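# Coordinate inspection notes
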Amino acid sequence: MGYREEPLFKEGYATDVLTAEESTIQAPGDNELHRALKARHITMIAIGGAIGTGLIIGTGSALAKAGPASILISYSIVGLVVYMVMCGLGEMAAWLPLSSGFTGYAVRFCDPALGFAMGYTYWFKYIIVTPNQLTAGALVISYWIDKERVNPGVWITIFLVLIVSINYFGVRFFGEFEFWLSSFKVVVILGLILLSFILMLGGGPDHDRKGFRYWKNPGAFNTYIDDGPAGRFYAFWATMVSATFAYLGTELVGVTVGEAENPRKTIPKAIKLTFYRIVVFYILSVLLVGTLVPYDSDELIFATKQSSSAAASPFVVAIVLAGIPVLPHILNACILLFVFSAANSDLYIATRTIYGLAKENKAPKFLAKTDRRGVPIYALGVCAAIACIAYMNVSSDSKVVFGYFVDLVTIFGLLTWVSLLITHIYFVRARKAQNVPVSDLAYRAPFGVYGSYAALAFCILICLTKSFDVFTHNKKWGNFNYKTFITAYLGIPLYLCLIGGYKLVTRCSGVDPHQADLWSGKDQVDAEEREYLRRKAIMEEQHQGASWFYRKFVAWLF
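Residues numbered from 1 in each chain as written. Predicted model: local features only at pLDDT ≥ 70, side-chain atom pairs only at ≥ 80, totals over all residues. Heavy atoms only, no water.

## Remarks on the overall build of the protein chain
Applied cut-off: Counting from the N terminus, the helices are the DSSP runs of H or I reaching at least four residues and the strands are the DSSP runs of E reaching at least two. Accessible area is worked out with a 1.4 Å probe on protein chains only. A residue is then buried under 20% of its type maximum, exposed over 50%, and partly exposed in between. Contact definition: two residues touch when any of their heavy atoms are within 4.5 Å.
Scanning the protein chain for helices and strands turns up 22 helices and zero strands. Considering the protein chain as a whole, with its 558 residues, one finds that 59% of them fall into the buried category. Restricting the contact set of the protein chain to residue pairs at least 6 apart, pairs at least 24 apart contribute 81%.

Pasting the structure below:
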């Protein structure tokens, strides 16, 4: 193996990390997850995680701040970075699907301290993004019911009870629920893209052929902090936070490998389609909404001046400006379902992440306990309790709280991407050092290790500069904002302290590429894959006609 480490919580634990990892892929017991997520579940969870609050609501704040051209460029750049992250993750997950997820790869291929830091960073992200989704739900409902009439805490309570219940009923129920909800999200977003295109060409009730009019007046680029070219660049770079936040969750497919049937096939398939989802769901949506909503629209809740009935989503604003009756309310209701689905899957990921840490002896042992359905009930309870920080909305403006949460979640998400890219780089080093041929890989990252290096450099750059505006001293934008500074950069020292602290306590060293464990548990996964393919072949033979129809006309969608 090449390394051993002492657990942080010693009593009652095995001392070998890989023993804990291997146990997670054996037959289900009272501490094991169940492989109950089918290919369609994995695919739609991946899509559902990609279509969430960041795209539907976060785009509004980015548009108001920087203008349509800026968000199109920033979403395209970050989209390419995300695709490189996903390719690296897919290469590792297809080689050896671990139920411990990201942390298991970091521990095996790079450094146990990195696995510890990545696990907790990812958990921090999801215990914060869950209340962020609940906050977004209150923000969406404010379109109909002002917070002065009904306290946002009422809606937060309803959402919280529902998502905890869905997660409690087991992964099979969760997978089925998310499949249909994510399918609905895909239909809605595709319909929204088509409607936006029609409105852009003058097909709305006002018959106003907008084209790229708003790119000329008020303009394609807004200014921020300064005037002229410098102000336009500052505005563009400030949208990197919104762009990154919109893509966070794309990588969550890597957490589902422990509960996926035939992960060698389903994970690479989900990742290969990520590029097309980015182009269609993000780039195209952002382009079209930028042609329909001027960045200074009073109807946008994130604009400086807003009307009493301002909407959180720029897509709703686009329909309002086109003069279509009733549809804004219908779309706002659909967006509420989007947010609910995102909150549901975020709580699932938070629960599975702390469960994985507990399985690796990096969190209290009771968090690894599951019930007979394979639900880590204690981990779920802890994550649900932390989600109650969403009640900050009771005494604060939802828009302000949403902004703070976005900053916190973004830095933790970026640090997770950084860790994943470093892990992939070390995985490639180990694979080459141990002479594992490329032909043995079930999936290979198309950009290879060089894509991971490029994406790593860009992620670090965004980490350090994403909230540069807190340091500005300007009459228009104010002085140093300590609240935003804390939420924007808190994650970096915390991440470094987790790595340094773990090394100090356990005295662990980095993994030598010649001794990195590429093999433990692989034979078990190979056996599961052979058995799955055998059963699938029998089923296809029994339902040959129906199977052909599905493969020919339906399967490509997923």
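Now that the structure is up, let's keep going.
## Here's the deal with the environment of L327
Of note, L327 is situated in helix α15 (residues 327–359). Sequence spacing of L327 and V316 is 11 residues, and the spatial spacing of their C-alpha atoms is 8.5 Å. Excluding residues within four positions of it along the chain, L327 makes contact with L195 and I319.

## Comments concerning a nonpolar patch on the surface
Put simply, the rule is: Without a salt bridge and with relative accessible area above 30%, a residue can belong to a patch; like charges are then joined within 9 Å and nonpolar side chains (Val, Leu, Ile, Met, Phe, Trp, Tyr) within 5 Å. Reported accessibility uses the Shrake-Rupley method at a 1.4 Å probe radius. Residues are deemed covered only where the shown protein chains occlude them. By convention in these notes, a salt bridge is any Lys or Arg side-chain nitrogen within 4 Å of a carboxyl oxygen on Asp or Glu.
On the surface, L190, F275, Y276, V279, V280 and L284 cluster together to form a nonpolar patch covering roughly 500 Å² of accessible area. A per-element tally of the nonpolar patch places helix α13 (residues 274–292) first, with five residues. Among the secondary structure elements, V280 is positioned in helix α13. Overall, the relative accessible area of 31% leaves V280 in the partly exposed class.

## Overview of the side chain of T244
This is how the line gets drawn: Polar contacts, as used here, are pairs of N or O atoms within 3.5 Å; protein pairs need one atom able to donate a hydrogen and one able to accept it. Residues neighboring in sequence count only if both atoms are side-chain atoms.
Relative to the elements of secondary structure, T244 occurs in helix α11 (residues 240–247). A relative accessible area of 0% means that T244 is categorised as buried. Within the local environment of T244, its side chain forms a polar contact with the backbone oxygen of M240, the two atoms lying 2.7 Å apart.

## Here we look at the nonpolar core
Put simply, the test is: Residue types Ala, Val, Leu, Ile, Met, Phe, Trp, Tyr and Cys, when buried and joined through side-chain atoms within 4.5 Å, form a set referred to as a nonpolar core.
In this structure, Y75, Y120, Y247, L331, I354 and W417 are the most contacted members of the largest nonpolar core, which totals 160 residues. Looking at this core, the element that brings in the most residues is helix α6 (residues 112–141), giving 18 residues. In contact with Y75, not counting residues within four places along its chain, are G54, G58, T59, S242, A243, A246, Y247, Y282, I283 and V286.

## Examining a positive patch on the surface
Applicable threshold: His is not counted, nor are the chain ends, whereas Lys and Arg count as positive and Asp and Glu as negative. Where a charge lies is defined by one atom per residue type: Lys uses NZ, Arg uses CZ, Asp uses CG and Glu uses CD.
A surface patch of like charges, here positive, comprises K265, K269, K272 and K536. Broken down by element, the residue count for the positive patch peaks at three residues, all from helix α12 (residues 263–272). By the secondary structure assignment, K272 is in helix α12.

## Considering the packing of aromatic side chains
Selection criterion: In this analysis, rings of Phe, Tyr and Trp, with Trp reduced to its six-membered ring, are considered paired at centre separations within 6.5 Å, and the interplanar angle assigns stacked below 30 degrees, edge-to-face beyond 60, and tilted for intermediate values.
Throughout the structure, instances matching the rule amount to 24 aromatic pairs. Aromatic pair Y120 and F124: ring centres 6.1 Å apart, planes at 50 degrees, arrangement tilted. With Y120 and F124 both in helix α6 and four residues apart, this pair spans about one turn of that helix. Just as Y120 is buried, F124 falls in that class too. Taken together, a centroid distance of 5.6 Å and an interplanar angle of 45 degrees make the contact between F485 and Y489 tilted. Note that F485 and Y489 are positioned in helix α19 (residues 482–489) at a spacing of four residues, about one turn of the helix. On the accessibility criterion, Y489 (11% relative accessible area) is buried. Ring pairing ties together the aromatic residues F116, Y120, W123, F124, F412 and Y502, which thus form one cluster.

## Considering the packing of helix α7 (residues 152–168) against α15
Heads up, the condition is: Axis definition: a line fitted to C-alpha atoms, limited for helices to the stretch in contact. Angles are taken between N-to-C directions and run from 0 to 180 degrees. Oblique is the label for every angle not falling under 35 degrees (roughly parallel), over 145 degrees (roughly antiparallel), or within 65 to 115 degrees (roughly perpendicular). Throughout, a crossing is termed right-handed when the near helix is turned clockwise from the far one, and left-handed when it is turned anticlockwise from it by less than a right angle. All amino acids are sorted into three groups, where Ala, Val, Leu, Ile, Met, Phe, Trp, Tyr, Cys and Pro are nonpolar, Asp, Glu, Lys and Arg are charged, and the leftover types, Gly among them, are polar.
The geometry of α7 relative to α15 is characterised by a closest axis approach of 9 Å and an angle of 50 degrees between their N-to-C directions. It follows that α7 is oblique to α15 by the angle criterion. Of the two elements, α7 crosses α15, and the hand of that crossing is right-handed. Side by side, α7 and α15 meet where F159, L162, I163, V164, I166 and N167 of the first sit next to L336, F340, A343, N344, L347 and Y348 of the second. In the contact of α7 with α15, the residues fall into 10 nonpolar, two polar and no charged.

## Some points on the pattern of salt bridges
When the charged atoms of two side chains lie near each other, side chains of opposite charge can form a pair. Tallied over the full model, the rule gives six salt bridges. The salt bridge partner of E91 is R431, with a shortest N-O separation of 3.8 Å. Pair noted here: E91 is in helix α4 (residues 68–95) and R431 is in helix α17 (residues 398–433), with a separation of 340 residues, a long-range link. An identical accessibility class is assigned to E91 and R431; each is buried. The partner of D206 in a salt bridge is K210, and the shortest N-O contact between them spans 3.4 Å. By relative accessible area, D206 is classed as partly exposed at 34%. A relative accessible area of 5% places K210 in the buried class.

## Side note on α12
Judged by how many residues are buried, α12 sits mostly within the fold: seven of 10 residues are covered. Within the span of α12, buried status applies to P263, R264, T266, I267, P268, A270 and I271.

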